[in-house]
Amino acid sequence: EKTVAAGVLKEPVGVGKLLRAHKEYLRERKFDPKQIQRLWGIGGIGIAPRLQWRLYLPIVHQGVTVSWTTRSLDPNAAVRYVSARPGEEILFHRGLLYGQDYCRTDSVVVHEGPTDVWRTGPGAVCTFGTNFSQSQVLKLSKFETRCIVFDATSEGQRAAMKLVDLLKVFPGKTFNVKLKSKDMGSATEKERRRVREEFLWAI
């Protein structure tokens, strides 16, 4: 796979602290803004020339912010996530796993998007959508137990089964968990608790 990155991090214009709109967005989705900001280092973008009214999510690799993505506050936005362009990142973000710095080597829970990672907590990662890369597959293969929890849509489940098939050739175990809810963000606490207890061995 050809991955081109400038080797220099360029954050979008307007990144700053979480504003009232950002905090309300998080609370509506039952996130604690202070906790999410402290653990994941997120910021906010208000009025800006390009990416206005979005959450700013730094992508950290081995303790260093190497790229970023943003999440629109508008539930009806045509494009929910907009990520760094090749000239704005140190490492190509689609070759990385969001949240990997918080994982152990024995198990990992894999989601499509960052907010699902927040909902599951440390030990979960995401592939930035269903179009995962070979580099991401190889990184996931290093874990002893892989639990794939993609969205319960037809697209999400097709991608989940493809990922399971690719990981089967590696040592370890791979599981596909289909939620009754649409995704981890809308899952019940019982579903989230079951995933954490069975695959991350933590409450």
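In what follows, the accompanying structure is described.

Below, the discussion takes up the packing of aromatic side chains. The geometry of two aromatic rings is summed up by the distance between their centres and the angle between their planes. Within the structure shown, the criterion is met by 6 aromatic pairs. Note on Trp40 and Tyr102: the rings are 5.1 Å apart at their centroids and 80 degrees apart in plane angle, and the pair reads as edge-to-face. Of this pair, Trp40 sits in helix 2 (residues 33–40) while Tyr102 sits in the loop between strand 5 (81–83) and strand 6 (107–111), placing them 62 residues apart in sequence. Residue classification places Tyr102 among the partly exposed positions, given a relative accessible area of 37%. With centroids separated by 6.3 Å and ring planes inclined at 45 degrees, the aromatic side chains of Tyr56 and Trp68 adopt a geometry described as tilted. Of this pair, Tyr56 sits in strand 3 (residues 54–61) while Trp68 sits in strand 4 (residues 64–72), and the two are 12 residues apart along the sequence. Side by side, Tyr56 and Trp68 carry an identical accessibility label, which is buried. Connected via pairs of aromatic rings, a cluster forms that spans Trp40, Tyr98, Tyr102 and Phe128. Taking the ring centre of Tyr81 as reference, the NZ or CZ of Arg71 above it sits at 5.3 Å. Above the face of the Phe31 ring, Arg119 is positioned so that its terminal group lies 4.0 Å from the ring centre.

Definitions and cut-offs
Residues numbered from 1 in each chain as written. Predicted model: local features only at pLDDT ≥ 70, side-chain atom pairs only at ≥ 80, totals over all residues. Heavy atoms only, no water. Phe/Tyr/Trp six-rings, centres within 6.5 Å; stacked < 30°, edge-to-face > 60°. Helix = DSSP H or I, 4+ residues; strand = E, 2+ residues; numbered from the N terminus. Buried < 20%, exposed > 50% of the residue type's maximum accessible area, 1.4 Å probe, protein only. Lys NZ or Arg CZ within 6 Å of the ring centre and 35° of its normal.

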